[in-house]
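Chain residues, written in single-letter form:
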Amino acid sequence: MSDTRPPIAMLAELTHRCPLSCPYCSNPLELTRQDSELNTEAWAGIFRQAADLGVLQLHLSGGEPASRRDLEALVAAARDAGLYTNLITSGIGLSERRLRALDAAGLDHIQLSLQGTTPEMADEIGGYRGGYKRKMQVAQWIGEIGFPLTLNAVLHRRNLHQLPRALEMAVEMGARRIEVATVQFHGWALKNRDALMPTRVQAQEATRLVEAARARLKDVLVIDYVPADYHSDVPKRCMGGWGSTGLNVTPEGLVLPCHAAQTIPHLTFDSLRDRSLKEIWYEGAAFNAYRGTEWMRDPCKSCARKTVDFGGCRCQAMALTGDASATDPVCHHSPDHAALQSRAEAHAASEEAALVYRDAAGSAAPVPAE
Amino acid sequence: MRGAMRGEEIPVLPRGVRLHQDRVRGGWVLLAPERTVALDQVGHAILSEVDGKRSLSEITAALAEAYNAPQDQIMQDSAGFLAALRSKRFLEVVTEVTAEVAT
């Protein structure tokens, strides 16, 4: 497509390995095995290709990127390529020595996830005993070294009441920014909608708390807010528009328009083992499938907001309607909107639902002791 | 809400915020945590002078001379831009306490 602009951001899923087993994990249901992961040199080459293509921001993610023993070398390679490097981590697997090595390698910024504001909550949600304590230690080292920090609090029905404390913790840690991210239902999270769906009242309260905190903490803490999607009436501008600003590389080198794109069964994805990043970005079938507005039908096609939200999330349209080119049911113009809202209410009312954990094999992990 | 940056204040780019020449699109950008800000010429000119030592007045005076433009005009033109960067925490002001520690 001739008017396609270069991407700004690349999410590198360095590995699907992770010590946590969060019930809302956004990685695909089928995880890439360690022996299929790209090696250090392959990633370094991809970082150079990305910079040549116009990528400015590199997000090093996973799984848990600290599970890669060569993380320090990967950061150095990314900085050599001229990329801004952001590490998205749970903190597990980072020692003070490793953090200092990442500092020396030129790491620009750290985004630290928060599963809860108490050890009981965080360790239950992460499915990893001692994880909270370790994370707090890592946060302290991050502050001592002086890395800019974003705290990423993932919130859902079980822990939304901890939002005020999460905001306090971000300030105490010296974070410049917090992402208040209500859980999005992709990947493993779809299995846990009954356990995780916030109530409508919770979602409204979260919005109120965020607005109050934005006023109170102006110039101290920047708050990015991802509201409860299923309870909204306007869909999210997913990925800033499909194939418009960002791309995702899987541990084995497949290039995806977003992390969940593999849930759309008719799409095919190119591998960096076969084609260049530039070819895939501009010519790849999956990237062109939902780029721009040509693919749209009504109500999207004639909608004034079609270049504002691009019809919402393609993967969500797929998951909820079975048709990836349908209007995201979050949109109040969608014929499926009313059904989605009642479904959200029903999920939120499932008081008995237990968390279904994931582990490397995709089966339930042991639940930590109370 | 904090007002515009005062002339005597000393701006500084905090760690993790840096100027970057965008060789693919041309021009300069400010790279910050998970954000990229495209810079116009005035924005780039000011941020290039920010060194954590000189005050905003000193910077705009130098630019006024270099570009043969009134200093007041430069202050006015950049006030909104600098305030926006500051509210996103992409730009900070050296406080007296840290200035003392630094000397």
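Check the entry above for the structure.
The structure presented is a predicted model; accordingly, all values stated were derived computationally and were not measured.

Draft legend 1. Molecular detail of the interface of chain A and chain B. Each side of the interface is counted separately: chain A has 36 residues, and chain B has 24 residues. Across the chain A to chain B interface the summed buried area is about 2,300 Å²; carbon plus sulfur atoms make up 46%. When the buried surface of chain A facing chain B is broken down by residue, Leu56, Arg176 and Asp219 of chain A rank first, second and third, together holding 31% of it. Linking chain A to chain B there are five salt bridges. As a salt-bridge pair, Glu34 of chain B and Arg177 of chain A come within 3.3 Å of each other at their nearest N and O atoms.

Draft legend 2. Representation of the packing of aromatic side chains. In total, this model carries five aromatic pairs over all chains according to the counting rule given. With centroids separated by 5.4 Å and ring planes inclined at 90°, the aromatic side chains of Tyr290 of chain A and Trp295 of chain A adopt a geometry described as edge-to-face. Trp295 of chain A sits in the buried class, given a relative accessible area of 13%. Through a chain of ring-to-ring contacts, the aromatic side chains of Trp242, Tyr290 and Trp295 of chain A assemble into a single cluster. For the cation-ring pair, Arg291 of chain A lies above Trp281 of chain A, with the distance from its terminal atom to the ring centre recorded as 4.8 Å. When the ring centre of Phe147 of chain A is taken as origin, the NZ or CZ atom of Arg15 of chain B, which lies over that ring, is 4.8 Å away.

Draft legend 3. Highlighting the pattern of salt bridges. All names here are of chain A. In this structure the tally under the stated criterion is 32 salt bridges over all chains. Here Glu37 and Arg68 are joined by a salt bridge, their closest N and O atoms 3.5 Å apart. Taken together, the residues Glu37 in the loop between strand S1 (9-13) and helix H1 (40-53) and Arg68 in the loop between strand S2 (57-61) and helix H2 (71-81) connect sequence positions 31 residues apart. Overall, the relative accessible area of 12% leaves Glu37 in the buried class.

About the criteria used
Residues numbered from 1 in each chain as written. Chains lettered and ligands numbered in written order. Predicted model: local features only at pLDDT ≥ 70, side-chain atom pairs only at ≥ 80, totals over all residues. Heavy atoms only, no water. Contact = heavy atoms within 4.5 Å. Buried area = accessible area lost by both parts, 1.4 Å probe. Salt bridge = Lys/Arg side-chain N within 4 Å of Asp/Glu carboxyl O. Phe/Tyr/Trp six-rings, centres within 6.5 Å; stacked < 30°, edge-to-face > 60°. Buried < 20%, exposed > 50% of the residue type's maximum accessible area, 1.4 Å probe, protein only. Lys NZ or Arg CZ within 6 Å of the ring centre and 35° of its normal. Helix = DSSP H or I, 4+ residues; strand = E, 2+ residues; numbered from the N terminus.

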